[in-house]
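Breakdown of the fold
One letter stands for each residue in the lines below.
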Amino acid sequence: CSTVHNTMCPLVGTLLLILSGLLNAFPPGVRASWRAAQGVNLRAKLPSDEPTAFEPGDAAPAFRVKLLDGDFAFPPQTGPGGPVVVHAFTNKSAFLEALWCSDQSLADLLETLPDTARVLFLSLDDSAPADAAWMRGQLHRVASGSGKEVFSRLHFSPVPVHALGNWVPRVLYSWGCTGHNCGLAQAVFTSPAWDIPLVAKRLNARYDWLYGHWEQKPYRLTDAGDGCRPGASAEGRVAWISEGGCSFFTKVKNMADSKAAGVLVYALLGNPVQDMNCVGEECYTALNIPAAMVHLEASVHNALLAGLPVNVSFQTTPSPNVFFAIDQQGALSEMGWFLYPSFKFVTWQAEWLNFREGLQERLRSPALVVPVFERVKMQGENGSWAAVALPSDVLDYNVMELDASLSCPGPRDETCAHWDHTVQLFVCCDHFGPYCNMELGRWITAFRRGIGRWVTDVSPLLPLLNNERCAFTMKTAPWAMPWTVSLNLRFSHSSRNSDELYPFKVTTLFGGGVFDKDYNKRFKAINFSVPVSTKQVELYAVITGHGSDENGCGEFCVTSHHFLVNKKFNNTRIFDSAGTAFGCTLHVGEGAVPNEHGTWLYGRGGWCDGLQVNPWRTDITSQVDMRGSNTVLYFGLYDGRDPNPSSNPGYIIMYSYLVFYK
Ligand SMILES: *[C@@H]1O[C@H](CO)[C@@H](O)[C@H](O)[C@H]1NC(C)=O
Ligand SMILES: *[C@@H]1O[C@H](CO)[C@@H](O)[C@H](O)[C@H]1NC(C)=O
Ligand SMILES: *[C@@H]1O[C@H](CO)[C@@H](O)[C@H](O)[C@H]1NC(C)=O
Ligand SMILES: *[C@@H]1O[C@H](CO)[C@@H](O)[C@H](O)[C@H]1NC(C)=O
Ligand SMILES: *[C@@H]1O[C@H](CO)[C@@H](O)[C@H](O)[C@H]1NC(C)=O
């Protein structure tokens, strides 16, 4: 705790306990990951004592880099230290070429980069002086002289990465990358007419558009003109097609119809490669064929024109990493996976670093902290389990928060679980009463990212902790790869004077179920009366939609959920961003983990990947008869009607409660 930058001090105490008790039981690799994922600067050292390897979470030593004009210094000499993104360009990557040639991508950087963030642009190649000037020129061109202050935070270095003389290359080289547009995707052309194969950079079509994959084998290549008319026979071959004349979709669909094995679209001379994707209505047609964009290779083209056989195969050559970040505390961090060539992924990671900085601030506010899980493994049907002795005065508080984090077996994102799954936290304090195994919290895991940490306000559920000893179970799908969970309960007093209410009773209402035509038939109205001395009655529900029928229900369809109080008051929650292309990117600033390995961007039925599910709370005091009897009935609709899927119905996970405050 000796440096100003070290904000993890409150954690160090617990950490040392864990370390002293457990560290020696693990091999060195595991130890490193424990430290790294905990985010503690155990390795913070003087520059002269620079570490020989870096992992996410390690402290970034100070460094300077020469720029086209002036110097870049970390840490900054003046002003607050926002997040720093370091990018290493290479034109050997078609992905990076497209990232830097799309006006939309460039405009997104200028318009959406958080105003605390700085970006350092480097080049991996000897052409660094030209690359730096070109990158700056690309951005200036798009900014079109509109005097953007953002340029004061964008820094272009003419020094190639291999000549930097500092630790930055070590991070780029040792973090390396393959998969999801990291590494160098290439097409390898061979022909009996040539001595050596021709290796060309390629950019695969958008990951969520086409379902085909390149196999590890040579394909015969055949010229198919511009691919705009059906009929050209490319059966069993990879079609060599020129850009232009019709949409990428039309070309790829025509080739799929003629049973081609794959499609290579070449950019017309002087044009950059682009992100091939469907547009609008086109996207409703699924195409099961791989496709990629390359440059026009004269020798390939000429060989095909001359009728010589040309084969093509596909490979990815690992490369140094091309992005990393330094957070506000000076710790190194990964940038996640770039699903397509857009600088929005830089913005999202910077937004998330800002969120995390705010979270650290929030965690420094006073609270009674009760640890439940401290870096325990969660896997299998039992998940992780702990019996916890609660301080006797927890019911005197009126704020209860769940501080949960999910990290991975190793320090890098690549070690994380591949799929997104629901995580539920159950509590049982009265083993025989009605409060056993109630859901206290819900999260959805991120696709292959281990940075998630979330604080969820679950104050209304305080009455569930009605015993000094409670059992907590946190679990996900039993077949999911393991996660490492940490969970603290945080008890405090509401800081709002008007909010002196204390929840004292919780009753359960409705659960979800299979979202089919009988969904609503299963719910019967519940009668309730309000306990004496109640000041406020609240409806509390945690609802998420999952599965996929022909309408995408319940994950990707718009469902609405209604709690009808006293046959009159229709309390409604609508998941209207479900199925939208960018619905979940809007929640990065609230902690949704960005830049995941899968389709995290799409809006979903009441949830996002890598985020807690926020409880829906509605004050219904004015809707109830405080002395007499009341009724409440739940129903869930798709498109304003009872669901009626023809097959594969989805399902709703719901825990709902009435909460009484005094
Ligand atoms: C990148 O490579 C493409 C062809 O491979 C070329 O046309 C383009 O000029 C290059 N861009 C830069 C900035 O070097
Ligand atoms: C070219 O590809 C064809 C078809 O995939 C294959 O039969 C042939 O062996 C390949 N030739 C070379 C030289 O790789
Ligand atoms: C889960 O817990 C039950 C009951 O304690 C036990 O019998 C079972 O073996 C456990 N399953 C696993 C996979 O650990
Ligand atoms: C709820 O109250 C109504 C009217 O008082 C009564 O008819 C009904 O049977 C009650 N339902 C239940 C489930 O107790
Ligand atoms: C409640 O509101 C929804 C739309 O907001 C509507 O579809 C539904 O019919 C309403 N139900 C009642 C009983 O008023």
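Along each chain, numbering runs from 1 in the same order as the chain's sequence is written. Each chain takes a letter, starting from A, and each ligand takes a number, starting from 1, following the order in which they are written. Confidence filtering applies because this is a predicted model: local features only for residues at pLDDT of at least 70, side-chain atom pairs given and counted only at 80 or more, and all residues used for totals across whole chains, interfaces and linings. By convention in this description, side-chain values take in all heavy atoms of the structure and omit both hydrogens and water.

Residues in close proximity to ligand 5 include His562, Leu564, Asn570, Phe635 and Leu637, which together make up its full environment. Under the rule applied, a polar contact is a pair of N or O atoms within 3.5 Å (in protein, one hydrogen donor and one hydrogen acceptor; residues adjacent in sequence only if both atoms are side-chain atoms). Contacts to ligand 5 include Asn570, whose side-chain N or O atom sits 2.3 Å from an oxygen atom. In this description, accessible areas are obtained by the Shrake-Rupley approach with a 1.4 Å probe, and a residue is regarded as covered only by the protein chains that are shown. Notes on ligand 5: free accessible area 350 Å², of which the protein chains cover 46%. Only DSSP runs of H or I with at least four residues qualify as helices, and only runs of E with at least two residues qualify as strands; both kinds are numbered from the N terminus onward. The set of elements that each furnish at least two residues to the shell around ligand 5 consists of β27 (559-565) and β31 (629-638). The classification used treats Ala, Val, Leu, Ile, Met, Phe, Trp, Tyr, Cys and Pro as nonpolar, Asp, Glu, Lys and Arg as charged, and all other residues, Gly among them, as polar. Taken together, the residues of the shell around ligand 5 break down into three nonpolar, two polar and no charged. Consider each residue's heavy atoms; a residue with any of them within 4 Å of a molecule or strand counts as near.

Strand order in the open sheet formed by four strands is β16-β23-β18-β21, with antiparallel pairing between adjacent strands. In this open sheet, the two strands that pair with only one neighbour each are β16 (368-378) and β21 (453-457). Neighbour-to-neighbour, the strand axes of this sheet turn through a mean angle of 15°, independent of strand direction. Only strands that DSSP links by at least two bridges are regarded as paired with each other. With eight bridges connecting them, β16 and strand β23 (residues 483-492) associate as antiparallel partners. Within β23, the position partnered with Val369 by the bridge is Arg490. Its contacts with the sheet put helix α9 (residues 344-363) on β18 (399-407), β21 and β23, and the angle it makes with β21 is roughly 55°. Every axis corresponds to a line fitted to the C-alpha atoms, with the helix fit spanning only the stretch in contact, and the corresponding angles, defined between N-to-C directions, vary from 0 to 180 degrees. Here, two residues are considered to be in contact whenever any of their heavy atoms come within 4.5 Å of each other.

A word on the domain arrangement of the protein chain. Note that the domain bounds reflect an automated or database-derived domain assignment. Here the domain parsing of the protein chain yields domain 1 (45-73 + 80-181 + 320-326), domain 2 (184-317), domain 3 (365-499) and domain 4 (501-662). Spacing between the C-alpha centres of domain 1 and domain 3 amounts to 38 Å.

Moving on, we get to helix α6 (residues 168-175). Any residue under 20% of the maximum accessible area for its type is buried, any over 50% is exposed, and the rest in between are partly exposed; the area is computed with a 1.4 Å probe on protein chains only. When α6 is considered as a whole, its buried residues turn out to be Val168, Pro169, Val171, Leu172 and Trp175. Relative to the axis of α6, the buried residues are bounded by an arc of 160° and lie together on one face. Where α6 is buried, its residues contact β1 (63-66), β3 (84-89), β4 (118-123), β14 (323-326) and β15 (332-333). Where α6 ends, the next residue or the one after it, Gly176, has phi of about 40°, a positive value. Note that the arc is defined by the directions from the helix axis to the C-beta atoms.

Moving on to the pattern of salt bridges. We count a salt bridge whenever a side-chain nitrogen from Lys or Arg sits within 4 Å of a carboxyl oxygen from Asp or Glu. For the coordinates displayed, the defined rule picks out 26 salt bridges. One salt bridge connects Glu361 with Arg364, and the closest N-O pair in it is separated by 2.7 Å. Take Arg364: its relative accessible area is 38%, and that puts it in the partly exposed class. With a shortest N-O distance of 2.7 Å, Glu555 and Arg604 are connected by a salt bridge. Here Arg604 lies in the loop between β28 (569-574) and β29 (611-612) and Glu555 lies in the loop between β26 (536-546) and β27, a separation of 49 residues in the sequence.

The positions UniProt marks with the feature "domain: Peptide-N-glycosidase F N-terminal" (unreviewed entry) are residues 369-491. Note that residues 369-491 is 0% helix and 49% strand, and that its end C-alpha atoms are spaced 6 Å apart. UniProt positions are given in the numbering used here, feature names are shortened, and annotations may be inferred rather than shown by experiment.

In this section: the state of the cysteines. Count a disulfide wherever a pair of cysteine sulfur atoms falls within 2.5 Å. All chains considered together, the criterion is met by eight disulfides. Between Cys429 and Cys470 runs a disulfide, and the two sulfur atoms are separated by 2.1 Å. Since a negative S-S torsion denotes a left-handed disulfide, the Cys429-Cys470 link at about 110° is right-handed. Of the two residues, Cys429 sits in the loop between β19 (422-428) and β20 (438-444) while Cys470 sits in strand β22 (residues 469-475), which places them 41 residues apart along the sequence. Here Cys584 connects covalently by a disulfide to Cys608, the sulfurs 2.1 Å from one another.

Within the open sheet, the five strands sit side by side as β5-β4-β3-β14-β15. Their pairing is mixed. A single partner strand is all that each edge strand has here, and the edge strands are β5 (154-160) and β15. Across six bridges, β3 lies against β4 in parallel orientation. Bridge pairing in β4 places Ala88 opposite Leu122. On top of the sheet, helix α3 (residues 94-101) reaches β3, β4 and β14; it is set at about 120° to β3, its chief contact.

Burial runs high along strand β32 (residues 650-661): ten of the twelve residues are buried. Two strands pair when backbone bridges link them, and β26 and β32 are joined in this way by eleven bridges, in the antiparallel orientation. The partner of Ile543 across the bridge, within β32, is Met654.

All right, on to the packing of helix α4 (residues 103-112) against helix α5 (residues 128-143) then. Interhelical geometry of α4 versus α5 gives an angle of 85° and a closest axis separation of 9 Å. Relative to α5, α4 is oriented roughly perpendicular. Side by side, α4 and α5 meet where Asp103, Leu106, Ala107, Leu109 and Leu110 of the first sit next to Gln138, Leu139, Arg141, Val142 and Ala143 of the second. Residues of the contact of α4 with α5, tallied by class, amount to seven nonpolar, one polar and two charged. An angle below 35 degrees is treated as roughly parallel, one above 145 as roughly antiparallel, one from 65 to 115 as roughly perpendicular, and anything else as oblique.

What follows covers empty space enclosed by the protein. Using a grid of 1 Å spacing that covers the protein atoms alone, one calls a set of points a cavity when a 1.4 Å probe fits there but cannot get out, and a pocket when the set is open and has protein on both sides within 12 Å along at least five of seven lines; lining residues are those with an atom within 4 Å of a point. Grid points are joined across faces, edges and corners, and a volume is the space filled by probe spheres set on the points. Under the defined criterion, the tally for this structure stands at two cavities of 30 Å³ or more. Looking at the largest cavity, its volume works out to about 40 Å³. Surrounding the largest cavity, Thr90, Ser93, Phe95, Leu96, Asn181, Cys182, Gly183, Leu184, Ser319 and Val322 form its lining. For the lining of the largest cavity, the residue count by class is five nonpolar, five polar and no charged. Within this model, the second largest cavity holds a volume of roughly 30 Å³. Lining of the second largest cavity is provided by Leu440, Gly441, Arg442, Thr456, Val458, Tyr540, Val542, Val613 and Pro615. Only β20 and β26 provide two or more residues apiece to the lining of the second largest cavity. Counting residues per element, the lining of the second largest cavity draws most heavily on β20, at three residues. Grouping the amino acids of the lining of the second largest cavity by side-chain chemistry returns six nonpolar, two polar and one charged.

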